[in-house]
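Residue strings, one per chain:
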Amino acid sequence: MYALIYDDPDQKKTLKKVISVHKSRNDAEQALYRRREDLHRPILECHTRIVWVNRAVSAGEKLTAKDFADWKKGEKIPVGELYSDED
């Protein structure tokens, strides 16, 4: 399942809070766009990103880097996004 997570830029904060959960990447992208509009900020300043979680999660739950990936296995990665954002 896809999730929007709050990706705090502080490297010491390794737990990432789940903002919302979605069945498709398209739904997650729409939620990310709505969040950007609600916060009146560019997406980069929202500190939010879409990730693939290979287990059931719910909003408010905290994840570690090993719990999620930027792309679902087998998912087509858009041109220009050859590498994930993971550190």
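Shown above is the structure to which this text applies.
What counts and what doesn't
- Residues numbered from 1 in each chain as written.
- Predicted model: local features only at pLDDT ≥ 70, side-chain atom pairs only at ≥ 80, totals over all residues.
- Heavy atoms only, no water.
- Helix = DSSP H or I, 4+ residues; strand = E, 2+ residues; numbered from the N terminus.
- Buried < 20%, exposed > 50% of the residue type's maximum accessible area, 1.4 Å probe, protein only.
- Contact = heavy atoms within 4.5 Å.
- Areas by Shrake-Rupley, 256 points an atom, 1.4 Å probe, with all protein chains shown as cover.
- Pairing = 2+ DSSP bridges.
- Core = buried A, V, L, I, M, F, W, Y, C linked by side-chain atoms within 4.5 Å.

### Comments concerning the overall build of the protein
Alright, step 1. When you go through the protein residue by residue, the secondary structure sums to two helices and five strands.
Alright, step 2. Seen in sequence order, the protein has helices and strands lined up from the N terminus as β-β-α-α-β-β-β.
Alright, step 3. Burial statistics for the protein: of 87 residues in total, 30% are counted as buried.
Alright, step 4. Across the protein, contacts joining residues at least 24 apart in sequence account for 49% of those joining residues at least 6 apart.
Alright, step 5. Element-wise, carbon and sulfur atoms account for 52% of the exposed surface of the protein, whose accessible area totals about 6200 Å².

### What to know about the sheet that holds strand β1 (residues 2-6)
Alright, step 1. Read from one edge to the other, the open sheet built from five strands follows the order β4-β2-β1-β3-β5, with strand pairing classed as antiparallel. Of all strands in the sheet, those with a lone pairing partner are β4 (62-63) and β5 (68-69), marking the two edges.

### Concerning the nonpolar core
Alright, step 1. In this structure, A3, I5, V18, V51, V53, V57, L63 and F68 together form the largest nonpolar core, which totals eight residues.
Alright, step 2. Elements with a minimum of two residues in this core: β1 and β3 (48-53).
Alright, step 3. When sequence neighbours within four positions are dropped, the list of residues in contact with L63 reads I5, T14, L15, K16, V18, V53, R55, V57 and F68.
Alright, step 4. One finds L4, A31, L32 and W52 within the second-largest nonpolar core, a separate group that totals seven residues.

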